[in-house]
Amino acid sequence: MIDREQVKKVAFLARLELTEEEQEMFTRQLGSILDYIAELQRVETEGVPPTTRAIEVNNVVRPDELVVCENREGILENAPDRAEDFFKVPRIIED
Amino acid sequence: MTSTAPPTVQYEAVIGLEVHVQLSTETKLFCRCSTRFGNTPNTNICPICTGQPGTLPVLNQQALDYAVRAATALNCQIHPQGLSKFDRKQYFYPDLPKNYQISQYDLPLAEHGWLEIEVEGEAAKRIGITRLHMEEDAGKLVHAGADRLSGSTHSLVDFNRAGVALCEIVSEPDIRSAAQAAAYAEELRRIVRYLGVCDGNMQEGSLRFDLNISVRPAGGSKFGTKVEIKNLNSFNALQRAVEYEFTRQVDCVRSGERIVQETRLWDEATQRTISMRSKEEANDYRYFPEPDLVPIALDSNQIDAYRQRLGELPAQKRHRYCGTLGLSSYDARVLTDEREVAEYFEQVVALDIPAKQAANFLNGPVAAYLNETRQSISQIKVTPEVSAELLALINQGIISNRIANELLPGLFEAGGSPRALVEERGLTQISDRGQLEEIVNEVLAGESDSVAAYRGGRTKLLGFFVGKVMKKTAGRADPQVVNDLLQSKLAEQPTAPPPEPESAAEPPEAPPAVEDAPLEAATEAVTAEAGSAEAITAASEEPDTPVSHQDAHA
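### A look at the overall build of chain A
Moving on, step 1. Within chain A, the regular secondary structure consists of 3 helices and 3 strands.
Moving on, step 2. Listed N to C, the secondary structure of chain A is α-α-β-α-β-β in terms of helices and strands.
Moving on, step 3. Split into buried and exposed, the 95 residues of chain A put 20% on the buried side.
Moving on, step 4. When the accessible surface of chain A is split by element, carbon and sulfur atoms take 56% of a total near 7700 Å².

This is how it looks when you write it as structure tokens:
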């Protein structure tokens, strides 16, 4: 089960601002997801090695070859703010 | 100190290092952007490294290869649990475009390694390596509106470095002193440079250190509260930070204060560590497996192949130079510091030059020339072949050390064959006894006062006569023959008039020892005992002691 305080903490870590109603809603929704996971956890996994993926593929690599991105301007333009060649962000507040 | 004084508790430092090594790949870890340092801000960026939706990272083969190479050289086990994976480390900071860093958490590329360090005056020591993992670098922040973070009005971000391939190498807490910490960092740099996996450029941040340090009563087994220190970008900063922090923590403990577990910053300007925020609430990075990247799983054949290809590493070279070649540990350390120098040295030795002579030549005049001209040894015109030819000319008695010394500047300037140069300029050594005897006779005839003084017991004057002979022959006389001749001539009439009083007109005590000091000893010979006949010997029997030798190259 998940309580409202945990939801608020997760929201803070993800830098999400939730209203009272949203906190209430997400506590309910996340709770039901966790219930479902709890159900999965009842499956007998004795002797089954843990895995981190669903497909058996390893070692996918690419050669170390330079390709210059053509849309640098597009990336800079897409940012909320820029200062010539830089992305511009609000002052970092040391809280 | 009196025996009644209360015993003071001695403290020791317990130190672990985290080193970030930038891998020398052409492109970033997960995208095809350039890694070039110093480009216009935000030119090495693409949708992948700036975290645009819908993009897919793919691992750089070369980065993986370099990381496995480094891990192998550090005696690590490659993914001992059978595979290695990437994870997302989540935190918010404007230098991190995706709001997570792709790193490795519970299944790092390699674990359980060690490297060997050598600190002057201590036995070689193994420092354990806990783990080595791959991760991407963050971007660079420029704080505008003020030169300090606190006063800035906004920040500017350059993502050129974001996504560049790093290896993080974490040591065990096996380090006990500032000198050991520096030795560890230096050895690590040496190894990655030998392997060619990192350029080791400290100014450009290719190697960065974080330090974990705590103190405890010497010999204890419990750890004290550890403090992490960041922002160490040079060996010197690392060493100073250890010294400063050790003293600070010991003072703290002695005065009964509690040491706070925190992150501190090394401040280069004031040479102290300053507190950042204390780690009361530990960061919650919420690591989870990176779903966009598949695991790394090398088979045992591949891992063995890395081991086979490794080549000789600095520590192995040091052992071989001391053991098989009979060099001092100082010489071995200096020669193996850079792979290029070690290889140069080995080529000279392969051309039948005695190891000690080659070492002295490299650590002496060659090192001085490299220092002076800021060149690397592979760039200079005095190639290993030229060096070997020059040294062989001395060993064959064709030229004296003095002549070799005179030839060197020209050889550094223009290269060419020392043998041809010697023939062209008629610089061959005069070894003919008859010819030298005439010159010796002339010299002695013109210095009757000194001859008398010598025979009166001032045998140190031998060097003065040698100097005179050398001067007359423009340095071409074979010093050994001259020595012999002079000694026998001067001994011919042992009965002489009583010696004059000490203060009587004595010939100036020229520094004759330099007349034919071996090439490598040129610098210290100036201060050598005047008239010491030992200095005038074959180049292979160099007269210097390890101490004076070190001084000359300090």
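### Comments concerning the sheet that holds strand β5 (residues 100–103) of chain B
Two pairing modes exist for strands in a sheet, parallel and antiparallel, and in both the strands are linked by backbone hydrogen bonds.
All names here are of chain B.
Moving on, step 1. Strand order in the open sheet made by the 3 strands is β5-β4-β15, with antiparallel pairing throughout. Each edge of the open sheet is held by one strand with a lone partner, namely β5 and β15 (288–289).
Moving on, step 2. Looking at chain direction, strand β4 (residues 87–90) and β15 are connected through 2 bridges and run antiparallel. Across the sheet, residue R88 finds its bridge partner in β15, namely F288.

### Looking at the interface of chain B and chain A
How large an interface is tends to be reported as the accessible area lost when its parts come together.
Moving on, step 1. Chain B puts 52 residues into the contact, and the matching count from chain A is 32 residues.
Moving on, step 2. Interface area, chain B with chain A, both sides summed: about 3600 Å², of which 62% is carbon and sulfur.
Moving on, step 3. By the criterion of area lost to chain A, the three top residues of chain B are R32(B), F92(B) and V294(B), representing 15% of everything that side buries.
Moving on, step 4. Applying the counting rule to chain B against chain A returns 1 salt bridge.
Moving on, step 5. Linking D284(B) and K9(A) is a salt bridge whose minimum nitrogen-to-oxygen distance equals 3.2 Å.
Moving on, step 6. The tally of links from chain B across to chain A stands at 19 residue pairs in polar contact (both at pLDDT 80 or more).
Moving on, step 7. Of all the secondary structure elements, the ones that give two or more residues to the side of chain B that touches chain A are β2 (59–60), α1 (61–73), β8 (140–144) and β9 (154–158) of chain B.
Moving on, step 8. When residues in the side of chain B that touches chain A are grouped by element, the largest group, 5 residues, is from β9(B).
Moving on, step 9. Residue classes in the side of chain B that touches chain A are distributed as 27 nonpolar, 17 polar and 8 charged.

### Some thoughts on a nonpolar patch on the surface
Moving on, step 1. Taken together, the side chains of L30(A), I33(A), L34(A), Y36(A), I37(A) and L40(A) make up a nonpolar region of the molecular surface, amounting to roughly 530 Å² of accessible area.
Moving on, step 2. Locating L34(A) in the fold gives a position in helix α2 (residues 20–40).

### Section: unusual backbone geometry
Residue and element names in this part refer to chain B.
Moving on, step 1. Unlike most non-glycine residues, N75 shows phi in positive territory, near 60°.
Moving on, step 2. In this structure, N75 sits in the loop between α1 and β3 (77–78).
Moving on, step 3. Judged by its relative accessible area of 32%, N75 falls in the partly exposed class.
Moving on, step 4. Despite not being glycine, Q271 shows a phi value in the positive range, around 60°.
Moving on, step 5. One can find Q271 in the loop between β13 (262–267) and β14 (272–278).
Moving on, step 6. With a relative accessible area of 26%, Q271 lands in the partly exposed category.

### Re the packing of aromatic side chains
Residues and elements named next belong to chain B.
Moving on, step 1. Applying the stated criterion to the full structure yields 10 aromatic pairs over all chains.
Moving on, step 2. Ring centres 5.9 Å apart and planes at 65° place the aromatic pair Y91 and Y285 in the edge-to-face group. Note that Y91 is positioned in the loop between β4 and β5 and Y285 in the loop between β14 and β15, a separation of 194 residues in sequence.
Moving on, step 3. Since its relative accessible area comes to 24%, Y285 is described here as partly exposed.
Moving on, step 4. Through a chain of ring-to-ring contacts, three or more aromatic side chains come together here, namely Y91, Y105, Y285 and Y287.

### Considerations on the environment of K356(B)
Residues and elements named next belong to chain B.
Moving on, step 1. The topology assignment puts K356 in helix α8 (residues 355–373).
Moving on, step 2. C-alpha separation for the pair K356 and D331, spaced 25 residues apart in sequence, amounts to 8.6 Å.
Moving on, step 3. Here D331 takes part through its side chain, which lies 2.6 Å from a polar atom of the side chain of K356.

### What about the nonpolar core?
Residues and elements named next belong to chain B.
Moving on, step 1. In terms of nonpolar packing, the biggest core is built from 73 residues, with L74, L132, Y184, F209, L211 and L232 touching the most fellow members.
Moving on, step 2. At 9 residues, helix α2 (residues 178–195) tops the list of elements feeding residues into this core.
Moving on, step 3. Those residues within four positions of L132 in sequence are excluded, and the remaining contacts are A67, A70, A71, L74, P108, L109, A110, C167, E168 and I169.
Moving on, step 4. Listed in part, the 38 residues of the second largest apolar core include I377, V386, I403 and L427.

### Let's talk about the confidence of the model for chain B
All names here are of chain B.
Moving on, step 1. Predicted confidence across chain B gives a mean pLDDT of 84, with 85% of residues reaching 70 or more.
Moving on, step 2. The least confident element of chain B, judged by mean pLDDT, is helix α17 (residues 546–553) at 37; the most confident is β2 at 98.
Moving on, step 3. When the criterion is pLDDT under 50, residues 503–515 qualifies, and its contacts beyond four places in sequence or with other chains add up to 23 contacts.
Moving on, step 4. Of the regions scoring below 50 in pLDDT, residues 521–554 engages in 55 contacts with residues more than four places distant in sequence or in other chains.

### Side note on α2(A)
All names here are of chain A.
Moving on, step 1. Compared with an ideal rise of 1.5 Å per residue, which puts 21 residues at 30 Å, α2 spans 31 Å between its outermost C-alpha atoms and is within 8% of the ideal.
Moving on, step 2. Taken together, the buried positions of α2 are Q23, T27 and G31. Summarising the axial view, the buried residues of α2 lie within an arc of 75°, below the 170-degree limit, and thus occupy one face. Exposed residues pointing more than 90 degrees away from the buried face of α2 are listed as E21, R28 and Y36.

### Looking at the state of the cysteines
Moving on, step 1. This structure, assessed with the given rule, holds 0 disulfides over all chains.
Moving on, step 2. A disulfide-free cysteine, C167(B) has its sulfur positioned 9.3 Å from the sulfur of C198(B), the nearest such atom.

### As for the pairing of strand β3 (residues 86–90) of chain A
Moving on, step 1. Relative to β3(A), strand β2 (residues 82–83) of chain A runs antiparallel, the two sharing 2 bridges. The residue bridging R82(A) from the neighbouring strand is F87(A), located in β3(A).
Moving on, step 2. Count of turn residues in the β2(A)/β3(A) antiparallel hairpin: 2 residues, of which E84(A) carries a positive phi of about 55°.
Moving on, step 3. With 4 bridges joining them, β3(A) and β9(B) adopt antiparallel strand pairing. The partner of F87(A) across the bridge, within β9(B), is V157(B).

### Some points on the confidence of the model for chain A
The predicted coordinates of low-pLDDT regions are not to be read in fine detail.
Moving on, step 1. Per-residue confidence for chain A gives a mean pLDDT of 89; residues scoring 70 or more make up 97%.
Moving on, step 2. Looking at the elements of chain A, mean pLDDT is at its lowest for helix α1 (residues 4–13) of chain A, recorded as 89, and at its highest for strand β1 (residues 61–62) of chain A, recorded as 96.

### Some points on the pattern of salt bridges
All names here are of chain B.
Moving on, step 1. For the structure shown, the criterion picks out 42 salt bridges over all chains.
Moving on, step 2. For the salt bridge of E262 with R248, the shortest nitrogen-to-oxygen distance reads 4.0 Å. Highlighted residues: E262 in strand β13 and R248 in helix α3 (residues 235–254), separated in sequence by 14 residues. You'll find E262 and R248 in the same group, each marked buried.
Moving on, step 3. Salt bridges here are not isolated pairs; linked through shared partners, they connect E118, E120, E187, R190, R318, R333 and D337.

Calculation criteria
Residues numbered from 1 in each chain as written. Chains lettered and ligands numbered in written order. Predicted model: local features only at pLDDT ≥ 70, side-chain atom pairs only at ≥ 80, totals over all residues. Heavy atoms only, no water. Helix = DSSP H or I, 4+ residues; strand = E, 2+ residues; numbered from the N terminus. Buried < 20%, exposed > 50% of the residue type's maximum accessible area, 1.4 Å probe, protein only. Areas by Shrake-Rupley, 256 points an atom, 1.4 Å probe, with all protein chains shown as cover. Pairing = 2+ DSSP bridges. Contact = heavy atoms within 4.5 Å. Buried area = accessible area lost by both parts, 1.4 Å probe. Salt bridge = Lys/Arg side-chain N within 4 Å of Asp/Glu carboxyl O. Polar contact = N/O pair within 3.5 Å; in protein donor to acceptor, adjacent residues only side chain to side chain. Nonpolar A, V, L, I, M, F, W, Y, C, P; charged D, E, K, R; others polar. Patch = residues over 30% accessible without salt bridge, like charges linked within 9 Å, V, L, I, M, F, W, Y side chains within 5 Å. Phe/Tyr/Trp six-rings, centres within 6.5 Å; stacked < 30°, edge-to-face > 60°. Core = buried A, V, L, I, M, F, W, Y, C linked by side-chain atoms within 4.5 Å. pLDDT = per-residue confidence, 0-100. Expected span 1.5 Å × (residues − 1). Arc of directions from axis to C-beta. Disulfide = S-S within 2.5 Å.

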